Structures are given as C-alpha cells and as structure tokens.
Amino acid sequence: MATTLRHNLTSAYLDAARKFSSRQRKRRIVAYVESYDDVAFWRTLLAEFEDGERCFQVMLPSSTSLARGKKTVLMNTLNTDELGESLIACVDSDYDFLLQGATEVSRKINGNPYIFQTYGYAIENFHCYAESLHEVCVQATLNDRMVIDFPDFMRRYSQVVYPLFLWNIWFYRQRDTNTFPMYEFNACTRLREVDVHRPDKNLHSVDREVRSRLKALRRNYPHCIGKVDRLAGELVPLGLTPDTAYLYMQGHHVMDNVVMKLLLPVCTLLRREREEEIRRLAMHNVQFHNELTSYENSQANVALMLKKNDGYKGLYLYQWLKDDIRRFLEKG
C-alpha cells in the first residue's frame, strides 16, 4: 500500500512538473487589466487563443501599489518600451472609441495595436447583453418562464434614449464635459421601479424626460442641431445605432439603473411562482417545508449572476475583440 501511495504521489508530482515546464516553454503574453472585476472577462476571452505555443497571464496594472483603473493601466504601459508582443493593455473603452481621436487618450487607445478595448463603454455592458438576460433570471430563480422580452425591451429603451445620447457624445467630442455631462444624461435615462406587467409604462416615463431635455438642448443650442444629426451617421460604422445605444452608455449606469431595475422584480415574480407551485403540489406540511428549503438553498443572487454572466459571446462587440486578438497574434 505504501509503495502504491509513493507511486501515486510521484506520478502526480511529475504530471504537475510537466505542466509547469510546458507552460514555461510557451510564449507568455502579459495582459494588464483595470481591476479585479475585469480579470474574469479578459481571461475568458484570451483563453480562447491559448495553445501549445502561447499562454496569457492576466494581471492588475501595478505590483507596487493598490492603484487601479484605466489611467493606471495606460500609465504603466503607454510610456514604456515593453508594450508590444509580450505585453498588452486591456481596457474599457468608456467614450474613447466613440470620440475617435478627439482627445489624446482616445487617439492613443484607438491607434495603438497593443491596446485592446471593449468598444462598448465597459465590461458591464457585455454582462447586460439583452439576449442573455433571460438566462440570468433562470440561473437566479430556477424558473424558465419568460416574463419580459428583454431583447425587445432593451431595443426600445435604446431607441428612446438614442437622440439624447447623441447630444451627450457630441459635447464630449468637443471636449465639453460641462454643458451636458454624463451624470445629467444618466439622470434622464434611468428606470424607476418597474411594473413587470406593464413595462412599457417605464419607457413612457423615460421618453418624457428625454423629450424634455432634448427640447431644452435644441432651444439653447440651435446651431448644433445639424452637427448632432450628422454625428449619427458617423457613429453607425462604430456599431452605434438607435437599437444599440445601451451598449455604449456608461456600463454601471446601464447595469444598476436599467437592467437590475428589470431583473429584480422579474426574479421576485418567478420565485413566488415557484414557491406557489411547491405549496400547491406538497402533500403535507413537512414535504412543503423540505421542498421550499431545498429550493431556497438552490437560488442565487441575481446581481451576482449578472456579474458572472458570460452569455455575451454572440455579441458583435465581442467578435470585434476576438478579431483584434487574432490579428495581433498573427502579426506577432
């Protein structure tokens, strides 16, 4: 028995040593990311390109401090000679993709082949991809009934906020972050408490606020109307259309003030339905309480499920990212 144990331990050690040695022989590419929350997203993407010749190591931007964020990533990479085939930066686009070089940071991000950006505002927008939201509800509640058509709702929501979003982008392209700042745009486009039986009611409320703000902007800045209209055409090749605005808006705003406002009442309804089903089917109180306890223990926090959601792989922005990584590796 002792001989067998020694053999198993030796075998396991050799297997581990081979794997470590194999990883050492591979071309290692370090990817700097902005924060802890970004590690999983970029790891998921880059892992698709690992093979017998190369591997990626996703790291936070600084090993000497707790400084995080896009600025730290860029400061640690843009001004060094290391950025290249073995060191890349992976960042949220924020507005820099839509600004198309209107600022120095935008020029650097859009023009550097070793900086990879999300194109949409941030990783949160990927997690909020409308086509994947029903699956988030299923994972959280274990109830597969569709309450709201999320793709349809988010498309119509985008259509409502899109005209106002163009004004916000236009001012930022002029390097004017004071006339119509992002926080004012967000205040006009947030959802209040959602009635899952009448979700259109919330869209009507947002539409009223958007129209009111649009009216004021057009009245106060009539000379900008034509320029904003032309901007719409310039943004189409970047993927921004009336149907996709939510993918380019501030990610935390979309997640916290739009998508979670939808998911929470939907998941509450789905859980109550499942609990009522258990109550109806239980033969006696003991069975009811046992089954209910089992169901409660199997549920998951919807906010956590949303942050872990990886159902965005069919999203065109993700495909653009994969194309960028593929070109980088082929060139290297």
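Definitions and limits used
Residues numbered from 1 in each chain as written. Predicted model: local features only at pLDDT ≥ 70, side-chain atom pairs only at ≥ 80, totals over all residues. Heavy atoms only, no water. Helix = DSSP H or I, 4+ residues; strand = E, 2+ residues; numbered from the N terminus. Expected span 1.5 Å × (residues − 1). Buried < 20%, exposed > 50% of the residue type's maximum accessible area, 1.4 Å probe, protein only. Arc of directions from axis to C-beta. Contact = heavy atoms within 4.5 Å. Pairing = 2+ DSSP bridges. Axes fitted to C-alpha atoms, helices over the stretch in contact; angles between N-to-C directions. Salt bridge = Lys/Arg side-chain N within 4 Å of Asp/Glu carboxyl O. Core = buried A, V, L, I, M, F, W, Y, C linked by side-chain atoms within 4.5 Å. Phe/Tyr/Trp six-rings, centres within 6.5 Å; stacked < 30°, edge-to-face > 60°. Parallel < 35°, antiparallel > 145°, perpendicular 65-115°, else oblique. Nonpolar A, V, L, I, M, F, W, Y, C, P; charged D, E, K, R; others polar.

Caption draft 1: Representation of helix α15 (residues 316-331) in the model. An ideal rise of 1.5 Å per residue puts 22 Å on 16 residues; α15 measures up with 23 Å between its terminal C-alpha atoms. Residues of α15 that are buried: L317, Y318, L321, K322, D324, I325, F328 and L329. Along the axis of α15, the buried residues cluster in a sector spanning 155 degrees; they form a single face. When the buried face of α15 is taken as reference, the exposed residues oriented beyond 90 degrees from it are R327, E330 and K331. Where α15 is buried, its residues touch β1 (27-32), α2 (36-47), β2 (54-59), β3 (87-91), β4 (115-117) and α6 (123-127).

Caption draft 2: Inspection of the sheet that holds β2 at higher detail. Spatial strand order, β2-β1-β3-β4: four strands in an open sheet with parallel pairing. The open sheet has two edge strands with one neighbour each: β2 and β4. For this sheet the average axis-to-axis angle between neighbouring strands, irrespective of direction, equals 25 degrees. Relative to β4, β3 is paired through three bridges, and the arrangement is parallel. Bridge pairing links A89 to I115 in β4. Running over the sheet, α2 touches β1, β2, β3 and β4 and is turned about 170 degrees from β2.

Caption draft 3: Structural detail: the pattern of salt bridges. Per the stated rule, a full pass over the model turns up 17 salt bridges. Here E209 ties to R192 by a salt bridge, and the two come within 2.8 Å at their closest N and O atoms. Of this pair, E209 sits in helix α10 (residues 200-220) while R192 sits in the loop between α9 (182-189) and α10; the two residues are 17 residues apart in sequence, bridging distant segments of the chain. The class of E209 is partly exposed, set by a relative accessible area of 25%. Exposure remark for R192: the relative accessible area of 33% places this residue in the partly exposed category. Members of the salt-bridge network, linked through shared partners, are D152, R155, R156 and D200.

Caption draft 4: Layout of the nonpolar core. Core analysis: the biggest nonpolar cluster contains 94 residues, and Y157, F165 and L263 have the highest contact counts within it. Broken down by element, this core gets its largest block of residues, 15 residues, from helix α8 (residues 150-173). In contact with F165, not counting residues within four places along its chain, are Y95, L98, F185, L240, A245, Y248 and M249. One finds Y32, L83, V91 and I109 within the second-largest nonpolar core, a separate group that totals eight residues.

Caption draft 5: The packing of aromatic side chains, seen in detail. Under the counting rule described, the total for this entry stands at 20 aromatic pairs. Taken together, a centroid distance of 4.8 Å and an interplanar angle of 70 degrees make the contact between F97 and Y119 edge-to-face. Separated by 22 residues along the polypeptide, F97 in helix α4 (residues 96-99) and Y119 in the loop between β4 and α6 bring together distant segments of the chain. The rings of Y95, Y121, F165, Y172, F180 and F185 are connected pair by pair, giving a single aromatic cluster.

Caption draft 6: Here's a closer look at the environment of L262. Examined against the element boundaries, L262 turns out to sit in helix α12 (residues 251-281). For the pair L262 and P199, spaced 63 residues apart in the sequence, the C-alpha separation amounts to 8.6 Å. Leaving out residues up to four positions away in the same chain, L262 has contacts with I148, F150, F153, M154, L191 and V194.

Caption draft 7: The packing of α9 against α10, seen in detail. Taken N-terminus to C-terminus, the directions of α9 and α10 make an angle of 140 degrees; their axes are 8 Å apart at the nearest point. With respect to each other, α9 and α10 are oriented oblique. Residues E184, A187, C188 and T189 of α9 touch α10, and the partners they reach there are V206, E209, V210 and R213. For the contact of α9 with α10, the class distribution of residues is four nonpolar, one polar and three charged.

Caption draft 8: Molecular detail of the side chain of H253. Counting through the fold element by element, H253 comes out in helix α12. Once you skip the residues sitting within four places of it in the chain, H253 turns out to touch Y157, N186, T189, R190 and V258.

Caption draft 9: Highlighting helix α13 (residues 285-298). The end-to-end C-alpha distance of α13, which contains 14 residues, comes to 20 Å, matching closely the 20 Å that a straight helix rising 1.5 Å per residue would cover. Listed as buried for α13 are F288, L292 and Y295. Buried residues of α13 fall within an arc of 65 degrees about the axis and therefore sit on the same side. Opposite its buried face, α13 presents the exposed residues V286, N290 and N297, each directed more than 90 degrees away.

Caption draft 10: How the structure looks around the pairing of β1. Taken together, the six bridges between β1 and β2 define a ladder with parallel strand orientation. By the bridge assignment, A31 is partnered in β2 with V58. The sheet contact formed by β1 and β3 spans three bridges and is parallel. By the bridge assignment for β3, A31 is matched with I88.

Don't take any of this as a statement about function, it's just geometry.
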